[in-house]
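# What the coordinates show
Chain residues, written in single-letter form:
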Amino acid sequence: MLNLSQHRKAKVYLVGAGPGDPDLLTVRAVRTLGLADVVLHDALVSPEVLALVSHRARMVDVGKRCGPKSITQDEINDLLIRFSSTGEVVVRLKSGDPLIFGRAGEELEVLRRAGIEVEIVPGVTAALAAAATVHASLTDRRTADQLLVISAHRRHGKNNSDWHCALTSRTTVVVYMPGEYAGVAEDLLRAGLSASTPCAVVSRVSSADEQRYQTTLGLLDRAPILPSPCVLIVGETLATAESAEMRSTCLLGASLPADLRQASESSPEF
């Protein structure tokens, strides 16, 4: 019997899963998930988004994790080629947007070399979702001319200061995977930002357990470490964010240690 799947053209879809809330998926992303035969998904893709995948699709968790040895990027590349070469509809499902800190460049290069067609379906990245939840415009003609998106998680041996030349007082900085904050704060202060520059940390944006915390750059090293994944927004444009919105959801009060309560209470409101 003729196996028609062997005659289908190999193709991979790089799909953005957004920050977690399935309502933030694009229509095209939802349609693509419904067509999938195989889905290779990141660990950060929410269960709610995974529930939209076709019931007949094979699900493969290819999330990279710290600590115990997990799947390598080369192994993921091999899976993409192996599954797509059989003619199956393969979706590489990435949290946020595939093209922002998602190693899409490496996967695109491998797939192109193998002659496999690729379609990219954009997604809502955490920077945009976090800005929306704190009602902060990332650019504002009054205070912010440019947007700098960086990651505090760096490849071994990579210089951590090569972005400093792009930074001005009118730059909004969004930091993915900011870690314990102190190192990021030190870098930004050394680059010339004022200690009074407003900051917002948003944890697990768009999920049911989303958390937010406001402070200033000078006090950022005293902020509580919120659950991952989280993003840090730094910039004068935050000064125009709605104060009531931030106050209603900041981690303030008796649940914080005394020194952190004092630090948060002394921070200027947005």
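Residues numbered from 1 in each chain as written. Predicted model: local features only at pLDDT ≥ 70, side-chain atom pairs only at ≥ 80, totals over all residues. Heavy atoms only, no water.

## Quick word on unusual backbone geometry
Note the cis peptide between Ser228 and Pro229, where omega equals -5°. Along the polypeptide, Pro229 turns up in the loop between strand S9 (211–216) and strand S10 (230–234). Phi is positive for Arg103, which is not a glycine, with a value near 60°. Looking at the secondary structure, you find Arg103 in the loop between strand S4 (89–94) and helix H4 (104–113). (Helix = DSSP H or I, 4+ residues; strand = E, 2+ residues; numbered from the N terminus.)

## Side note on the sheet that holds S10
Taken together, five strands build an open sheet; the order of strands is S6-S7-S10-S8-S9 and the sheet is mixed. With partners counted over all chains shown, the strands left at the sheet margins are strand S6 (146–151) and S9, one partner each. Along the sheet, successive strands turn relative to each other by an average axial angle of 15°, direction set aside. Direction of pairing for strand S8 (residues 198–203) relative to S10: antiparallel, over a ladder of five bridges. Of the residues in S10, the one forming a bridge with Ala200 is Ile233. Together, strand S7 (171–176), S8, S9 and S10 form the strand contacts of helix H5 (residues 126–133), whose direction differs from that of S10 by roughly 65°. (Pairing = 2+ DSSP bridges. Axes fitted to C-alpha atoms, helices over the stretch in contact; angles between N-to-C directions. Contact = heavy atoms within 4.5 Å.)

## So, the sheet that holds strand S1 (residues 11–16)
Read across the sheet, five strands follow the order S3-S2-S4-S1-S5 without closing on themselves; strand pairing throughout is parallel. Looking at strand neighbours, the two that pair on one side only are strand S3 (58–61) and strand S5 (117–121), the edges of this open sheet. Each strand of the sheet is rotated relative to its neighbour by a mean of 20°, with strand direction disregarded. Note: S1 against S4, six bridges, orientation parallel.

## Digging into the nonpolar core
Of all hydrophobic cores here, the largest spans 21 residues; its most connected members are Val173, Leu188, Leu217, Leu220, Leu232 and Val234. Elements represented by at least two residues in this core include exactly S6, S7, helix H6 (182–190), S8 and S10. Discounting residues that sit within four places of it in the chain, Leu220 has contacts with Tyr181, Ala185, Val201, Thr215 and Leu232. Ala127, Leu138, Val231 and Ile233 belong to the second largest nonpolar core, which has 17 residues in total. (Core = buried A, V, L, I, M, F, W, Y, C linked by side-chain atoms within 4.5 Å. Buried < 20%, exposed > 50% of the residue type's maximum accessible area, 1.4 Å probe, protein only.)

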